[in-house]
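# Observations on the three-dimensional arrangement
Read off the chains here:
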Amino acid sequence: DDVGRTGKPFFAAILTSSDHGPYVVPHYYETKTKDVKIRAVEYADWSLKKFLRLASSKKWFNNTYFIFIADHGAAIDPIYEIPLSYHHTPLIIFSPILKESKTVEKIGGQIDVFPTIMGLLKLPYINNTLGVDLLKETRPAIYFTADNKYGVLSDSLFLIADTQGRESLFKYRDKDTKNYIGILKNESDKLKEYAQSNMQTSGYILKNEKQFIRLGSEPVDKN
């Protein structure tokens, strides 16, 4: 709380590892659940509640945005080569500043967190990423990688492609395992082009160090 005592705006990031093995649940947390993995999830949930309760006693609480997001989900009952549940995580924004609660059901990725937060703060910023403000924009799809494969997700279709040229297209909303790659070729081509365009752009940005904000000819910070 030393940073908060200054009265100046601050940013703090906290990484938890409660849901990663080896699973250790403190003795003071009591639960009837015997499965240690489930106990770890319950403990993490309990800890977040305690954290917010303690934070609510601080002066900066009523003027703070709390952002909760996981690095990944869990591969629960996978039906596709790339388990969607493993790549699914909610983005939860909590703040006394927000006067009403709502659920925004949009396709998004972790690259969208930064511009979304900056949009909430209403501060000027340079978005030199491929992310979008999810509260103001709607992206057509999001792509993610998994070993030698990448997946592309739209609001209704899930494309899987690998380095050997194999491709599959599924109607994931219905948990349909039929491959529509030859039937919905136009849709699959658009998803493939979207993902590859993003990957090529990302590669160009990294190779040419365009991700840094520059003053003159030198990057401000490469860390």
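Structural data are supplied above this passage.
Residues numbered from 1 in each chain as written. Predicted model: local features only at pLDDT ≥ 70, side-chain atom pairs only at ≥ 80, totals over all residues. Heavy atoms only, no water.

Below, the discussion takes up helix H1 (residues 36-55). Since the α-helix turns once every 3.6 residues, residues separated by three or four places project in the same direction. Along its 20 residues, H1 runs 28 Å from first to last C-alpha, staying within 8% of the 28 Å computed at 1.5 Å per residue. Buried within H1 we find Ala40, Tyr43 and Ala55. End-on view of H1: buried residues confined to an arc of 100°, all on one side of the axis. Exposed residues pointing more than 90 degrees away from the buried face of H1 are listed as Asp45 and Lys49. For H1, the elements touching its buried residues are strand E1 (66-68). (Helix = DSSP H or I, 4+ residues; strand = E, 2+ residues; numbered from the N terminus. Expected span 1.5 Å × (residues − 1). Buried < 20%, exposed > 50% of the residue type's maximum accessible area, 1.4 Å probe, protein only. Arc of directions from axis to C-beta. Contact = heavy atoms within 4.5 Å.)

Checked against the element boundaries, Gly182 lands in the loop between strand E6 (167-170) and helix H3 (185-207). For the pair Gly182 and Leu120, spaced 62 residues apart in sequence, the C-alpha to C-alpha distance is 42 Å.

Here we take up the packing of aromatic side chains. The description of two aromatic rings rests on the distance between their centres and on the angle between their planes. Counted by the stated rule, this structure contains 15 aromatic pairs. When the ring of Tyr28 is compared with that of Tyr43, the centres are 6.4 Å apart and the planes differ by 65°; the resulting orientation is edge-to-face. Taken together, the residues Tyr28 in the segment before H1 and Tyr43 in helix H1 connect sequence positions 15 residues apart. Using a relative accessible area of 48% as the deciding quantity, one classes Tyr28 as partly exposed. Their ring planes at 80° and their centres at 6.1 Å tell us that Phe51 and Phe66 sit as a pair that is edge-to-face. One end of the pair, Phe51, is in helix H1; the other, Phe66, is in strand E1, and 15 residues separate them in sequence. You can call Phe51 partly exposed: its relative accessible area is 33%. Phe66 sits in the buried class, given a relative accessible area of 7%. Site record: aromatic cluster; members linked through ring pairs are Phe10, Phe51, Trp60, Phe61, Phe66 and Phe94. (Phe/Tyr/Trp six-rings, centres within 6.5 Å; stacked < 30°, edge-to-face > 60°.)

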